[in-house]
Every structure is written in structure tokens, then in C-alpha cells.
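Observations on chain architecture
Letter by letter, the chains look like this.
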Amino acid sequence: MADSHKELPNDIVEAAGYPPGAGAAKRDYDPRLTNEDLAPLKNQTWTSYNIFAFWMSDVHSVGGYVTAGSLFMLGLTSWQVFLALIIGIVIVQGLANLVAKPSQFAGVPYPVISRVAFGVLGANIPAIIRGCIAIAWYGVQTFLAAGSLSIVLMKIWPGLADIAGSDTSFLGLSYLGYISFAILWFAQALVFWRGMEAIRAFIDFCGPAVYVVMVVLCGYMLYRADFDINMNLSDHQVSGWAAIGAFCSAIALVVSYFSGPTLNFGDFSRYGKSYEAVKRGNLLGLPVNFTLFALLVVLTAAATVPVFGELITDPVHTVERIDTWTAVLLGGLTFVIATVGINIVANFISPAFDFSNVAPQKISWRMGGMIAAVGSVLLTPWNWYDNADAIFWTLGLLGALIGPLYGILIADYYLVRNQEVVVDDMFTLDEDGEYHYVKGYNPAAVYTVIAAGVVSILSVVIPKLTGWLPSLPDYSFFVGAIGSGLVYLALARVFDVAGYGAAKAEASR
């Protein structure tokens, strides 16, 4: 594919760093759909280890640790939590493999491959939705990492505690909170600005570094507990059908936690040397890596009970309670770095491509990422993250739309088109282009995302407002993905997308 492309004229947005900016665009690619960041890659160089490291950065974070630890609150035993984590991550692996293939084949990011299902202009719908989700989570993750950094800074300079209280705050955040937030905001922007190779090097370091600290922390806590721990960590136990329901909810929560980066995994799989290399990386980075991660989480959390007298599921708070200055410093900083890693991977790169896709000639990959970074500050996450209702009406509703977007992408590529993609037609506005549809929009996909999106949102809103089926929101991703897949297949037949309707009619004769 690389040799068949010629460079575009100089009116194409300048490269934003390698690999973004390394796309090979043909001369007949429409500039309104193309820049060097979105065009098919000249070289796909990522190995299985790079994909493995990507998932390590995604898994090894304070958020991932707390999410895994929070499953104990469902009333499950330790072995049930551990099994739910493994089953959930195997499902995530399968979902990631499905998303990875079209982007790896075409060498394009998620918003571009979405043009196949949504149309060359309709792809802006999923791009903007995913970009908005990433902006919100980018601010939240930076805020959480800033809290960890503040703990470390106060350990080094105890006097900073004077500016860490609510009496020294502005717009809801303490002065020390602003300092920590600013440090991490600029640090993440610096890594991002240097391009995908710098990001790859960063995540290649983050994952293994966090593993070292987690193993040491787990060993230390077990030693402090004299290796005498009770694996039943929940303050209540459920049984019978209630246990089955809680177990299924735990699995669904694991899948939902990873649904965002899974949806736009094509932003990374496009760099894979081969689809097989990507699948090997997914195998190592998800089931294999997550099994060890889950084991460390369960053992460390169990050890906090005899050591500190209470269950602690936040690793930063665990490190904070250790009376060794070096442990607090190294452990706290490592978990800060880990959170920065997942933030760049999951919430910086996605909107960079998403917003660049909206206006390729005006928004480069770098500019798209900085739009997300600035937007995350304007949202002031510290004012609403601790408010459960605020989180629900923002992240909860936006997150409910991930499932429908996923279902449409997968149903179109695997079932409607039988894994066939015309790469060049993703970059043309000509009416005879494969993905022009109706003025650049595929009505089957647009109608589906509206219908399935409403159902998915209702699956979250109705239990919230009425108390009916309180566990249903845990399954919003599955409701949206499966529902949208079925609706899209029906509408694809009606609108005869890619000859799907004619083929089905012929088969039924």
C-alpha cells in the first residue's frame, strides 16, 4: 500500500510527529478529508510488545486498580472477583481484536475507518461523540493524578499542607491542587507534542515500571501482614441468584471500563506490523497481563485489612499509609506516572484524531489534542467529579453511546461488507465513491445511532430516575452494541448498503 501513494501538495496540514504525519496520501485525495495525520500510513512498525505495552499503560493505573478493588463492594468473594476480572478482560480482548482489523489493514485511525459505515462526512458523528468523552475523562484522570502528586509533594515539603486546604482555594480547587494539576497538564502535553514515537517510548516504560512497584508493594504488604490474610474482603456476602447477578455485573463493569479505549483501538492498531502482531499484543496485554494485575490487586487489598485495620482499594492511599518516606515518594510518583500514561493513551490521542477528522485542513493531530487538553481545564473536573449525579449526567450518558458506535462499526465491516474496504474511497467526496451514500452520510448508520443511542441512554436513565432494574446501567455497553448491530443490519438491508439488501433478497428466494 505504501508504494502506491504520492505526496499531496503543500496545502496539506504539516506532519504532527511520527507516526502521525507519516501518512501517504494520493494526489486525488480530497483535502477536505485528508491531512498527513489521517492518511494511510507509509510504514506500520509496531510490534507485539508495543501493543502489549499500550495495554499495560491502560491497565496499570490508579483508576484500573480502584475499579478492580471496587468489585468487592458487590458482595462477591475474592475468587469470584478474580474470576469476573478474567472473564471480563477476555471479552475485552475479543472486542479489541474485532476493532483492530480494519484499521490495521487500511493503516488509518478510528474516525477514518468510521467513514466506511457512517459515510465520509457522517463519520464526524462518532468522532465528535468519542472526542467529547475523551475530553471529560482527560480532565478527570489529570485531576486524580494531581491528587496523588499533591500527596507526594506534601511528603517532600510538609509546609505545602498550608495551601492544600479548602480555606486556600479558588474556584473549588486548592492552590496546591492547581500546582499539581498544572504540572501534570504540561507534562502530558509535552509528551504528546513530541509525537507518537515519544508516546510509544513513554508507554513502553510506564507499564513495566508500575509492575515493579506493584510487586514490591504487594510483597511488602504481605510481609507486614505476616502472610496471614483473609480473602473474603466484602462487608457483606451475596448468594444464590443475587451472587450470579453481582458476578455478571462485575464482568460488565470490567468491559465498560475498557470500552472507551477499545472503541478507538484502531488509532493504535493502525501502526501494527501485521494483524497477527496486534492480536499477540492483545493476548499478552489483556488476559495474561491483567491476570497478574488482578492477582496483585486482590492480594494487596487483602493485606491492607490486617495491616491498617480497614480495606483500602486505592493504591495511592495504601502507599500514603506506609510510614516509610522512600516508599511514599517512589510509590506515589510511579502511580502518578501510570495515570499519566493511561490518560495520554486513552484520552489524548483519541480526540487528537477525532477533531482532526472534522476539519483536516484546519485541525492537525497536535491541535486536536490540545483542544482536548484546554477543554478539560474549562470543564473544571474538580468541581463535579465528587458529585455522583454530575458524573452520571455527563460521563454516564456519553459513555452509554460507546456501545452503539461499536455495534455499527463491527456489524458493517464484518457482516455487511465481509471485511472488504476500498481505502481510496474513504478520502473522496465524489458521488460515485463507495462511502458517499447520501451527501456523505449513510442514513442506515445515522438512524441506527439515534435509535440505539436513545435505547442505550434510557437503559441508564430509567433505573436512575425510577429505581427499576438498578443493575441495568452496568450493561449499557452491551445493550447499545447488540441493539445497534441488529438495527443496523435491518436498515442496511432496507437501504441496500454495499448490496447487502440485494444479497439478502437473493438468498431468500
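Residues numbered from 1 in each chain as written. Predicted model: local features only at pLDDT ≥ 70, side-chain atom pairs only at ≥ 80, totals over all residues. Heavy atoms only, no water.

**Topic: unusual backbone geometry**
For clarity, the threshold we go by: What counts as a helix is a DSSP run of H or I of at least four residues, what counts as a strand is a run of E of at least two, and both are numbered from the N terminus.
Of note, Thr380 is a non-glycine position whose phi angle comes to about 40°, a positive value. The residue Thr380 is located in the loop between α14 (365-378) and α15 (388-399) in this model.

**Focus: the packing of helix α1 (residues 48-59) against helix α7 (residues 196-224)**
Stated precisely, the cut-off is as follows: Think of each axis as a best-fit line through the C-alpha atoms, taken over the contacting stretch in the case of a helix, with angles from 0 to 180 degrees between the N-to-C directions. Reported orientations rely on four angle classes, namely roughly parallel under 35 degrees, roughly antiparallel over 145, roughly perpendicular from 65 to 115, and oblique for the rest. Handedness of each helix crossing follows the sense of rotation of the near helix against the far helix: counterclockwise by less than a right angle gives left-handed, clockwise gives right-handed. By definition, residues are in contact when any of their heavy atoms lie within 4.5 Å. Each residue is assigned to one of three groups, with Ala, Val, Leu, Ile, Met, Phe, Trp, Tyr, Cys and Pro labelled nonpolar, Asp, Glu, Lys and Arg labelled charged, and all others, Gly among them, labelled polar.
The contact between α1 and α7 brings their axes to 8 Å, and the two run at 60°. In terms of orientation, α1 and α7 fall into the oblique class. Regarding α1 and α7, the two cross each other, and that crossing is left-handed. Where α1 approaches α7, its residues Tyr49, Asn50, Ala53, Phe54, Met56 and Ser57 are matched on the opposing element by Arg200, Ile203, Asp204, Cys206, Gly207, Pro208 and Tyr211. A breakdown of the residues in the contact of α1 with α7 according to their chemical character gives eight nonpolar, three polar and two charged.

**Section: the packing of aromatic side chains**
Keep this limit in mind: Only the six-membered ring of Trp is used, alongside the rings of Phe and Tyr, when aromatic pairs are assigned; centres must lie within 6.5 Å, and planes under 30 degrees apart are stacked while those over 60 apart are edge-to-face, with the rest tilted. Relative accessibility thresholds used throughout: buried, under 20% of the residue-type maximum; exposed, over 50%; partly exposed, between the two (1.4 Å probe, protein chains only).
In total, this model carries 23 aromatic pairs according to the counting rule given. Taking 6.3 Å as the distance between ring centres and 45° as the angle between the ring planes, the aromatic pair formed by Trp46 and Phe268 counts as tilted. Of this pair, Trp46 sits in the segment before α1 while Phe268 sits in helix α10 (residues 266-269), and the two are 222 residues apart along the sequence. The burial state of Trp46 is the same as that of Phe268; both residues are buried. Between Tyr257 and Phe258, the aromatic rings sit 5.0 Å apart at their centres with planes inclined by 90°, giving edge-to-face as the arrangement. Look at Phe258 and you get buried, because its relative accessible area is 2%.

**A word on a negative patch on the surface**
The cut-off we apply is this: Exposure above 30% relative accessible area and the absence of a salt bridge qualify a residue for a patch, where like charges join within 9 Å and nonpolar side chains (Val, Leu, Ile, Met, Phe, Trp, Tyr) within 5 Å. Residue-level accessible areas treat just the shown protein chains as cover; the underlying method is Shrake-Rupley with a 1.4 Å probe. Salt bridge criterion: a side-chain nitrogen from Lys or Arg within 4 Å of a carboxyl oxygen from Asp or Glu. This count recognises Lys and Arg as positive and Asp and Glu as negative, with His and chain-terminal groups excluded. Charged groups are reduced to one reference atom each: NZ for lysine, CZ for arginine, CG for aspartic acid, CD for glutamic acid.
Where like charges cluster on the molecular surface, the negative patch consists of Asp28, Asp430, Glu431 and Asp432. Within the element layout of this structure, Asp430 appears in the loop between α16 (402-416) and α17 (443-466). You can call Asp430 partly exposed: its relative accessible area is 47%.

**Some thoughts on the side chain of Asn124**
Short version of the rule: Polar contact criterion, stated in full: a pair of N or O atoms within 3.5 Å, where within protein one must be able to donate a hydrogen and the other to accept it, and residues adjacent in sequence count only if both atoms are side-chain atoms.
For Asn124, the location among the structural elements is in helix α5 (residues 124-156). For Asn124, the side chain forms a polar contact with the side chain of Asn357, separated by 2.9 Å. Ignoring any residue separated from it by four or fewer positions in sequence, one finds Asn124 in contact with Asn357 and Val358.

**Looking at α16**
Note on helix geometry: an α-helix contains 3.6 residues per turn, so any two residues three or four positions apart are oriented the same way. What counts here: Helix span is expected to be 1.5 Å times the residue number reduced by one.
Taking 1.5 Å as the rise per residue, α16 with 15 residues should run 21 Å; its terminal C-alpha atoms sit 20 Å apart, in good agreement. Counting buried positions along α16 gives 14 out of 15 residues, so the element sits mostly inside the fold. Phi for Asn418, located one or two positions after α16, is positive at around 50°.

In short, shape yes, function no, at least from these values alone.
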